[in-house]
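This is what each chain is made of:
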Amino acid sequence: MAEAGSFAEKVKQQADIVRVIGEYVRLRKTGQNFSGLCPFHAEKSPSFHVHPVKQIYHCFGCQVGGDVFKFVMEMEKCPFPEAIRIVAEKCGIAVPAQKDRSPEERKENQVRALLVEIHREAQTFFVKQLEGTAEGKAARAYLEDRGLDAETITKFGIGFAPSGGDILLRHLRTRYKEPLLVESGLISRDQQNNRLFDRFRRRITFPIANESSKIVAFGCRALGDDMPKYLNSPESPIYSKSNILYHMDRAKDALRRQDFAILVEGYMDAIAVARAGISNVVASCGTSLAEAQIKLLGRFTKRVIVNYDPDAAGQSATERSVALLLEQDFEVRVLALPPVGNKKADPDLFLRERGKDEYIKLMKSAPPYVDYLIARARQMDLTTGEGKIRALNFLMPYVQKIPNSILRSEWATRISQQLRIDEPVLRAALTRAAKERLSTVKANPELVSRAAKPMERRLIRMLAEAETFRRELARHLEDGGLHHGLETEKIFAALILANSTGEAIEANEVASVLDERDRRLLFEILFEEANEFSQEEAASCVEALQHRKVERELSEVQRSIESNPTPPEMRELLEKKQDLMRRLAAAR
């Protein structure tokens, strides 16, 4: 709140709220006030109003409102002091000079200004090397082979650091002192002989700019087989890698306009996605996403699609990033690109080989993080109780990081459906872990028990002993895939295979292909006392399995509907959902 007599109060009194807001929102005069489409939520009819006399705004749709400073803070995602400066500049009000700084502060500011100047000079040098040297020609050929045309190379300021050991040093030494060049990170010092040399040699250079579009560092890729493949500038007074996202300086407006970000790993990925017309893309520059980077992103949007590389390192980075984003209350989706031929596809390769239309289609249907993580958990062996415990322990850290209790409840439902764990048992385990602040779920009898359900036990006995219809039963189960996902799936698969030979069922032969736990369970079931079998009972059991399969399909369709599909895909999904619901209703 602006205090009486303060500069903020002066700005507020002189500022024209209609003029300021009018730079962001198209306003039309309606009576004494002005109205327009609210910039804070999607709407087709204007419910956003500005009162020029009271100098306030209010939206009757989403109920946001306040003064000119509040509006600028929300639009620019900036703190109150910065909002005062922005409004003052927009209204032509002179901003008072800051108080005199100490000699140390003035020196630090001078150093930072010189470091920015050195990086600007280095950028010009690298671009000239790319454009006008024989080595640069080879680098341009590599970039063209990666699908980058001259316009893209110029737009993103891509350059080349020559292979000579001190060419940049000799270029900069005439204007800047050696200690300052070393502090910039562009020049390194050999500790053995105290010799100075260029940090980047025979590398393609990607300038890294801060939010104000000032170049503060470089990311460089080796042109040949030199290691490391990627080499970045070290930390310096003007560069902290945990505080900067690559391409953020160009992406800011698109982030506000689209209200979501595509988060990729590297420079080439960010450039490829931006060239596809998706300018709201930023990269974490190959490092683990840091809390400061997330807070920077949160100034512009709270919605993110994570599209990291599909290799093991990329999957781990995705999982770490999702956990951090959840802690900051972001809405997260994950885009896992399919392979291109026999190659795992990062965004750059996928866009070059499959094109932007296919990428945009997959981006729009990217699943919520919960479905991505559960899909990762389902790659584990879920046919055993221990396997389910491992899957739950993989998911547990993410569950604990969700601040919203409603979302945590939705997680429990989805996990129970996908991992086929009784929901009450799962909720009890999650509650106990949360109460005791555990990062893992303790193994309990309900989850690790291998006791098959009565229906499954009866079907196993029928497949082994019902001579008159066991082969027909095996065909029904196999054709419908009805045994898939059951705790006893491996036992069913072995018995179905045995029934396909036409020979008598030999328990020892069936057991020989099973692991020790399944083998013990099979013999346990076969030694139980059992009533006579009938085809009617078999048909009833098969019908129950079919019912469960339809329920699983319905859950999968519902998740696809919630993943923001295209209109044609949505129509197809809704038709499939109606068909599945009709089948369920008919079976009741």
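Procedures and definitions
Each chain has its residues counted from 1, following the order in which its sequence is written. Residue-level local features of this predicted model are given only where pLDDT is at least 70; pairs of side-chain atoms are given and counted only at 80 or more, and the full residue set underlies all totals for whole chains, interfaces and linings. To obtain the side-chain values, all non-hydrogen atoms of the structure were included, while hydrogens and water were left out. Counting from the N terminus, the helices are DSSP H or I runs at least four residues long and the strands are E runs at least two residues long. Here the expected span of a helix is defined as 1.5 Å times the quantity of residues minus one. Type-normalised accessible area, obtained with a 1.4 Å probe on protein chains alone, sets the label of each residue: buried when under 20%, exposed when over 50%, and partly exposed for intermediate values. For the purposes of these results, a polar contact is taken to be a pair of N or O atoms within 3.5 Å, where, inside protein, one atom must be able to donate a hydrogen and its partner to accept one; residues adjacent in sequence count only when each atom of the pair is a side-chain atom. Note on definitions: a residue-residue contact is assigned when non-hydrogen atoms from the two residues lie within 4.5 Å. Whether two strands pair depends on DSSP finding at least two bridges between them. To define a nonpolar core, start from buried Ala, Val, Leu, Ile, Met, Phe, Trp, Tyr and Cys residues and group those joined through side-chain atoms within 4.5 Å. Whenever a helix is involved, its axis is fitted only over the stretch in contact; in every case the axis is a line through C-alpha atoms, and angles between N-to-C directions fall within 0 to 180 degrees. Each angle is binned into one of four classes, with values under 35 degrees roughly parallel, values over 145 roughly antiparallel, values of 65 to 115 roughly perpendicular, and all other values oblique. For this classification, the nonpolar set comprises Ala, Val, Leu, Ile, Met, Phe, Trp, Tyr, Cys and Pro, the charged set comprises Asp, Glu, Lys and Arg, and every other residue, Gly included, is treated as polar. Centre distance within 6.5 Å is the pairing criterion for rings of Phe, Tyr and Trp, where only the six-membered ring of Trp is used; planes under 30 degrees apart are then read as stacked, over 60 as edge-to-face, and the remainder as tilted. The distinction between a cavity and a pocket rests on a 1 Å grid over the protein atoms alone: a 1.4 Å probe fits inside a cavity but cannot get out, while a pocket stays open yet meets protein on both sides within 12 Å along at least five of seven lines, and a residue with an atom within 4 Å of a point counts as lining. Grid points are joined across faces, edges and corners, and a volume is the space filled by probe spheres set on the points. As a per-residue measure, pLDDT tells how confident the predictor is, with possible values from 0 to 100. One side-chain nitrogen of Lys or Arg within 4 Å of one carboxyl oxygen of Asp or Glu is enough to make a salt bridge.

### Observations regarding helix α18 (residues 405-419)
Compared with the 21 Å implied by 1.5 Å per residue over 15 residues, the 21 Å span of α18 between its first and last C-alpha is a close match. Residues of α18 that are buried include every one of W411, A412, R414, I415, S416, Q418 and L419, and no others. Once α18 ends, the next one or two residues include R420, with phi positive near 55°.

### Comments concerning the side chain of N307
Here N307 lies in the loop between β14 (303-306) and α13 (312-327). By relative accessible area, N307 is classed as buried at 0%. A distance of 2.7 Å separates polar atoms of two side chains, one belonging to N307 and the other to Y359. Not counting residues up to four positions away in its chain, the partners in contact with N307 are I262, L263, V264, L335, L337, P347 and Y359.

### A short note on unusual backbone geometry
Located in the positive-phi region is N194, a residue other than glycine, with phi close to 65°. Looking at where N194 falls in the secondary structure, it is placed in the loop between β7 (187-189) and β8 (196-198). A residue is classified by how much of its surface remains accessible, and N194, at 48% relative accessible area, is partly exposed. Positive phi is not limited to glycine here, since H247 has a value of about 80°. On the basis of relative accessible area, H247 is assigned to the buried category, the value being 4%.

### As for the sheet that holds strand β4 (residues 56-59)
What the 5 strands build is an open sheet, ordered β1-β2-β3-β4-β5; its pairing is antiparallel. Among the strands making up the open sheet, the edge pair consists of β1 (28-30) and β5 (65-66). Here β4 runs beside β5; their pairing, made up of 2 bridges, is antiparallel. From the neighbouring strand, H58 faces β5, where its bridge partner is G65.

### So, the nonpolar core
Nonpolar side chains tend to gather and get buried jointly when the protein is soluble and globular. One finds I158, I204, Y246, I262 and Y359 to be the most contacted residues of the largest nonpolar core, which totals 66 residues. Ignoring anything within four residues of it in the chain, the contact list for Y246 reads F156, F206, P207, I208, Y267, A270, I271, V281, V282, A283 and C285. M248, L297, Y308 and A323 belong to the second largest nonpolar core, which has 44 residues in total.

### Structural notes on the packing of helix α5 (residues 103-132) against helix α6 (residues 134-145)
As a packed pair, α5 and α6 sit with axes 6 Å apart at the nearest point and diverge in direction by 85°. With respect to each other, α5 and α6 are oriented roughly perpendicular. For the pair α5 and α6, the contacting residues are Q129, L130, E131 and G132 in the first and G136, K137, A139, R140 and L143 in the second. Here the residues of the contact of α5 with α6 are counted per class, giving 3 nonpolar, 3 polar and 3 charged.

### A short note on the packing of aromatic side chains
Applying the stated rule across the entire model yields 13 aromatic pairs. Between F69 and F80, the aromatic rings sit 5.5 Å apart at their centres with planes inclined by 85°, giving edge-to-face as the arrangement. Of this pair, F69 sits in helix α3 (residues 68-76) while F80 is found in helix α4 (residues 80-90), placing the two residues 11 residues apart along the sequence. Through a chain of ring-to-ring contacts, three or more aromatic side chains come together here, namely Y24, F40, F48, Y57 and F71.

### Side note on the environment of S35
Along the polypeptide, S35 turns up in strand β2 (residues 33-36). Overall, S35 belongs to the buried group, its relative accessible area being 7%. Sequence separation of S35 and V50 is 15 residues, and the distance between their C-alpha atoms is 6.2 Å. The contact partners of S35, leaving out residues within four places of it in the chain, are R26, L27, R28, T30, F48 and H49.

### A short note on the layout of surface pockets
Put simply, the largest pocket is a space of about 870 Å³. Listed by contribution, the elements that provide at least two residues to the lining of the largest pocket are α3, α4 and α10 (248-258). Top element by residues in the lining of the largest pocket is α10. It accounts for 6 residues. In terms of residue class, the lining of the largest pocket is made up of 10 nonpolar, 4 polar and 14 charged.

### So, the confidence of the model for the protein
Taken over all residues, the pLDDT of the protein has a mean of 84, while the share at 70 or more is 92%. The lowest-confidence element of the protein is helix α20 (residues 445-448), averaging 52 in pLDDT; the highest-confidence one is strand β6 (residues 159-161), averaging 97.

### As for the pattern of salt bridges
According to the stated counting rule, one finds 20 salt bridges in the structure shown. Across the pair E528 and R457 runs a salt bridge whose closest N-O atoms are separated by 2.4 Å. On the criterion of sequence distance, the pair formed by E528 in the loop between α25 (516-526) and α26 (535-561) and R457 in helix α21 (residues 454-465) is long-range, its members being 71 residues apart. Overall, the relative accessible area of 30% leaves E528 in the partly exposed class.

### Some details on the packing of helix α14 (residues 347-354) against helix α15 (residues 356-364)
Where α14 contacts α15, the two axes come as close as 7 Å, and the packing angle between them is 125°. If you check the angle between α14 and α15, you find them oblique. Packed against α14, whose contacting residues are P347, F350, L351 and R354, the element α15 presents K356, E358, Y359 and L362 at the interface. Its residues assigned to classes, the contact of α14 with α15 comprises 5 nonpolar, no polar and 3 charged.

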